[in-house]
Amino acid sequence: MRQTPHRRSVARYGLRLAALTLSTVTVATLSGCGQPSPSDSGDGVDATVSVALQPTLRPDTSTPDIVDPSAPSSGGLFDASQALVSQACTATGEAWSFTGRVENTDTTEHAFTVGVFITATADGSEVGGKEIVVTVPAGGSAPVAAKNFFTGRTKGVECLTGVTVKADD
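The strand order β2-β3-β6 describes an open sheet built from three strands, whose pairing is antiparallel. Among the strands making up the open sheet, the edge pair consists of β2 (84-92) and β6 (141-151). For this sheet, the mean inter-axis angle between neighbouring strands, taken without regard to orientation, is 10°. Looking at chain direction, β2 and strand β3 (residues 95-103) are connected through eight bridges and run antiparallel. Directly across from Cys-89, in β3, lies its bridge partner Phe-98.

Attention now moves to the state of the cysteines. Scanning the model with the defined rule gives one disulfide in all. Here Cys-89 is linked by a disulfide to Cys-159, with a sulfur-sulfur distance of 2.0 Å. Here the S-S torsion is close to 85°, and the disulfide linking Cys-89 with Cys-159 is therefore right-handed. Remark: Cys-159 occurs in strand β7 (residues 157-166) and Cys-89 occurs in strand β2; sequence separation between them is 70 residues. Given a relative accessible area of 22%, Cys-159 falls into the partly exposed group.

Counting the residues that bridge the hairpin from β2 to β3 gives two residues, and of these Gly-93 lies at a positive phi of roughly 70°. Relative to β6, β3 is paired through eight bridges, and the arrangement is antiparallel. Directly across from Gly-100, in β6, lies its bridge partner Val-144.

Quick look at the nonpolar core now. Here is a general trend for soluble globular proteins: nonpolar side chains tend to be buried in one another's company. Counting 21 residues, the largest nonpolar core has Phe-98, Val-102, Phe-112, Val-114, Val-144 and Phe-149 as the members making the most contacts within it. Only β3, β4 (110-120), β5 (126-136), β6 and β7 provide two or more residues apiece to this core. With five residues, β6 is the single largest residue contributor to this core. The residues contacting Phe-149, other than those within four sequence positions of it, are Cys-89, Trp-96, Ser-97, Phe-98, Val-116, Ile-118, Gly-129 and Lys-130.

Where β4 meets β5, ten bridges bridge the pair, whose relative direction is antiparallel. For Phe-112, the partnering residue across the bridge sits in β5 and is Val-134. Here β4 folds back onto β5 in antiparallel fashion, the turn holding five residues, of which Gly-124 has a positive phi close to 80°.

Attention shifts here to the confidence of the model for the chain. In this model, the chain carries an average pLDDT of 76, and 53% of its residues clear a pLDDT of 70 or more. Looking over the chain, one finds the lowest element-wise mean pLDDT in helix α1 (residues 5-31), namely 58, and the highest in β3, namely 95.

Tracing the backbone through its elements, the reader meets Glu-131 in strand β5. Its relative accessible area of 56% is what places Glu-131 among the exposed residues. Sequence separation between Glu-131 and Gly-162 is 31 residues, and the spatial gap between their C-alpha atoms is 9.3 Å. Not counting residues up to four positions away in its chain, the partners in contact with Glu-131 are Thr-113, Val-114, Gly-115 and Phe-117.

Rules of the game
Residues numbered from 1 in each chain as written. Predicted model: local features only at pLDDT ≥ 70, side-chain atom pairs only at ≥ 80, totals over all residues. Heavy atoms only, no water. Pairing = 2+ DSSP bridges. Helix = DSSP H or I, 4+ residues; strand = E, 2+ residues; numbered from the N terminus. Axes fitted to C-alpha atoms, helices over the stretch in contact; angles between N-to-C directions. Disulfide = S-S within 2.5 Å. Buried < 20%, exposed > 50% of the residue type's maximum accessible area, 1.4 Å probe, protein only. Core = buried A, V, L, I, M, F, W, Y, C linked by side-chain atoms within 4.5 Å. Contact = heavy atoms within 4.5 Å. pLDDT = per-residue confidence, 0-100.

If you want it as structure tokens, here you go:
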């Protein structure tokens, strides 16, 4: 028997209706899965849900550690920036030079390391630098210098210094 276009559309409609009904029943069945159903206690009060007590978060009131600059850092080095009592970092043309004076106020002789660095002002990256070690007797002072320690640009850079002294072993 030959099907007419009308019968085919009715058959397709029936298949679509059956599929829609089946998916609706499936969704309705699954939507109830895993859901608790309240129990009727018979006292006229709606059922409630119990939740375990949660800990209360409190703001962090700890104080930050205070760093003592006179204490040695890793490697036994002390910040001795106060020992650099004078300094000048200048560029002549594209050549950078540094001069300064280191003063030892301690009662023992120390070898001071003076770091002189040219850094980019845009991002603080190091462009060039030099470390100079100078031994200063107890209660004394000594000059420190680095002539033409860096040759390069003079715009967009700055000269920074730092001084350390190694802890006595």
